[in-house]
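# Architecture at a glance
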Amino acid sequence: MLKKEEILQLISDDSTSERKRLARQGQKYYDGEHDILNYQIYYYDADGQLRLDKFKSNIRISHPFFTELVDQQVQYMLSGEGNIFRSDKPELQTILDEYFDDDFYSEIYELLTGAVSKGFEYLYASTGKDGKTRFGYADSIGVVEVRAKDTDDGCAYYIYWYIDRIDKGTKKIKRIQVWDKEKIYFYVSTGDGKIEEDDSVEMNPRHHSIYTDEKGKKYGKGFGFIPFWRLDNGRKQFSGLKPIKALIDDYDLMACSLSNNLQDFTDALYVVSGFQGANLDEMIQNVKAKKHVGVEPGGGVDIKTVDIPYQARVAKLELDEKNIYRFGMGFNSAQTGDGNITNVVIKSRYALLDLKCNKLEIRLKQLFRNILRVVLDEVNRMNGSDYQQKDVYFVFGREVMTNAQDNAQIELTDAQKQQIQINTLLSLNNVLDDETIIQTICEILDIDYESIRDKIPKDDMMQAEQELNAVIPEGGVGIEQDSEDRTTSSS
């Protein structure tokens, strides 16, 4: 078991790693805390010394493109209807719906958000109030993977820490959990950095799963492995910010520089020659308040304005925005195009977002298989069943906006196609028997022929045959019923 000093040292070493630095950077940009907020303007004075300019405008505005791209990808991946976990066995589907409910997908939403914004995120298993295994996400900033040896593939421990609250203004209360293959050890660290066992936890240490027997006595059981799973945003665990950070920073700088120019040059410049007076402050006051100034004979006032080259900045902003969505592989809702917004055009605009989601979906399915194994083992143990992984599959039904006019035209085309198929079948009455024709028509109209034939009474069947005869062209198929209630053809 890890010692207290080792736990603190491992947390300290992990927090200063390059991996966690990039993760914190991605989290900051997702929260809208861009580098532009630390931007400063300097100048060289008469002595050649670099000085901070405290008088020039320094507008600092973050443009949260990354926030939109992350939320867009997460929402698009989870936009389908129904449970992602599907089974063709109704009784198993009911169980899956109980485990993977709205609370579960709320945690998956946070898991995906963290994985895309920070590069990786964690999911862990614990026992819910109902005694069943539940899953929650863990902030990757506070998760430390501890290996017995650097060359080991698996982890001997997982350390998970988070700030529970800030007591008395500045004193941070840090909760620390150490997970091994059987138990969880709980610690607490206050502002002075000391670490102690957490007395607020009822069972410390405790097993991964806690159950209550018939007598009300609690007992625990370990999974036999550490129930922590990591979702990576790619093999190198890079944040989605990496390919577009420079573009976002450039956009922030261009936009803020344009705002600074507009702010600094809002007033005109007054060039006064032959000023009649000795007090410069008096002249400035006269210009601002009285809108006049006295000058000597031959003197004058010339008003100068500065033309700001905003066209170049606007063009650069548009180029940066286009590249942010292109290399960020997102959907640009502000894109106008040529006005011909068909379903094909809309689908093409989702192409990059689909590609990005497909890459992450593969890794998410791998994680779902791991947690599904835990759920099925628990269900089989509690119910005496024998459900297998092959009984469950995953459905990611991503929803794409469509053109209503295109959809109506497609429906009309499908209806015309059905009509042509039915008319063609009716014209083949001399080649095909009536039963085959009716069965094929039912297939075209998506009707179960057997269920309809058994349920329709004879009187309704006769009426249906008469109505069908009425729509058949002259010389086409006629329907009659023989003494054995068989449908035969007549011309």
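Further up the page is the structure itself.
One structure accompanies this document, and this report is about it.

About the criteria used
- Residues numbered from 1 in each chain as written.
- Predicted model: local features only at pLDDT ≥ 70, side-chain atom pairs only at ≥ 80, totals over all residues.
- Heavy atoms only, no water.
- Helix = DSSP H or I, 4+ residues; strand = E, 2+ residues; numbered from the N terminus.
- Buried < 20%, exposed > 50% of the residue type's maximum accessible area, 1.4 Å probe, protein only.
- Contact = heavy atoms within 4.5 Å.
- Areas by Shrake-Rupley, 256 points an atom, 1.4 Å probe, with all protein chains shown as cover.
- Patch = residues over 30% accessible without salt bridge, like charges linked within 9 Å, V, L, I, M, F, W, Y side chains within 5 Å.
- Salt bridge = Lys/Arg side-chain N within 4 Å of Asp/Glu carboxyl O.
- Core = buried A, V, L, I, M, F, W, Y, C linked by side-chain atoms within 4.5 Å.
- Phe/Tyr/Trp six-rings, centres within 6.5 Å; stacked < 30°, edge-to-face > 60°.
- Lys NZ or Arg CZ within 6 Å of the ring centre and 35° of its normal.
- Polar contact = N/O pair within 3.5 Å; in protein donor to acceptor, adjacent residues only side chain to side chain.

## As for the overall build of the protein chain
Secondary structure summary: the protein chain contains 14 helices and 19 strands in total. For the protein chain, with 491 residues in total, the buried portion stands at 35%. Across the protein chain, every contact between residues at least 6 apart in sequence was considered, and the portion connecting residues at least 24 apart equals 58%. Summed over its atoms, the accessible surface of the protein chain is roughly 29,900 Å², and 49% of this surface lies on carbon and sulfur atoms.

## Section: a nonpolar patch on the surface
Taken together, the side chains of Tyr42, Tyr44, Leu50 and Leu52 present a nonpolar region at the surface, about 460 Å² in accessible area. Elements that contribute at least two residues to the nonpolar patch include exactly β1 (42–44) and β2 (50–52).

## Describing the nonpolar core
Here is a general trend for soluble globular proteins: nonpolar side chains tend to be buried in one another's company. Membership of the largest hydrophobic core comes to 57 residues, with the highest contact counts inside it found for Phe85, Phe100, Phe104, Phe135, Phe368 and Ile371. By residue number, the principal contributor to this core is helix α10 (residues 351–383), which donates 12 residues. Residue contacts for Phe85: discarding those within four places in its chain leaves Gln93, Leu96, Phe100, Phe104, Tyr105, Phe368, Ile371, Leu372, Val392, Tyr393 and Phe394. Ranked by size, the runner-up nonpolar core spans 16 residues in total, among them Phe120, Tyr122, Tyr124 and Tyr158.

## Points about the packing of aromatic side chains
This model, assessed by the stated rule, comprises 27 aromatic pairs. Ring geometry for Trp179 versus Phe228: centroids 5.0 Å apart, planes at 85 degrees, classification edge-to-face. Of this pair, Trp179 sits in strand β8 (residues 171–179) while Phe228 sits in strand β14 (residues 228–232), placing them 49 residues apart in sequence. We note that Trp179, like Phe228, is buried. Note that Lys174 overlies the ring of Trp161, its terminal NZ or CZ placed 4.5 Å from the centroid.

## Describing the side chain of Asp232
Locating Asp232 in the fold gives a position in strand β14. One polar contact links Asp232 to Arg230, side chain to side chain, over a distance of 2.7 Å. Residues in contact with Asp232, not counting those within four places in the same chain, are Gly119, Phe120, Gln237, Leu360 and Arg363.

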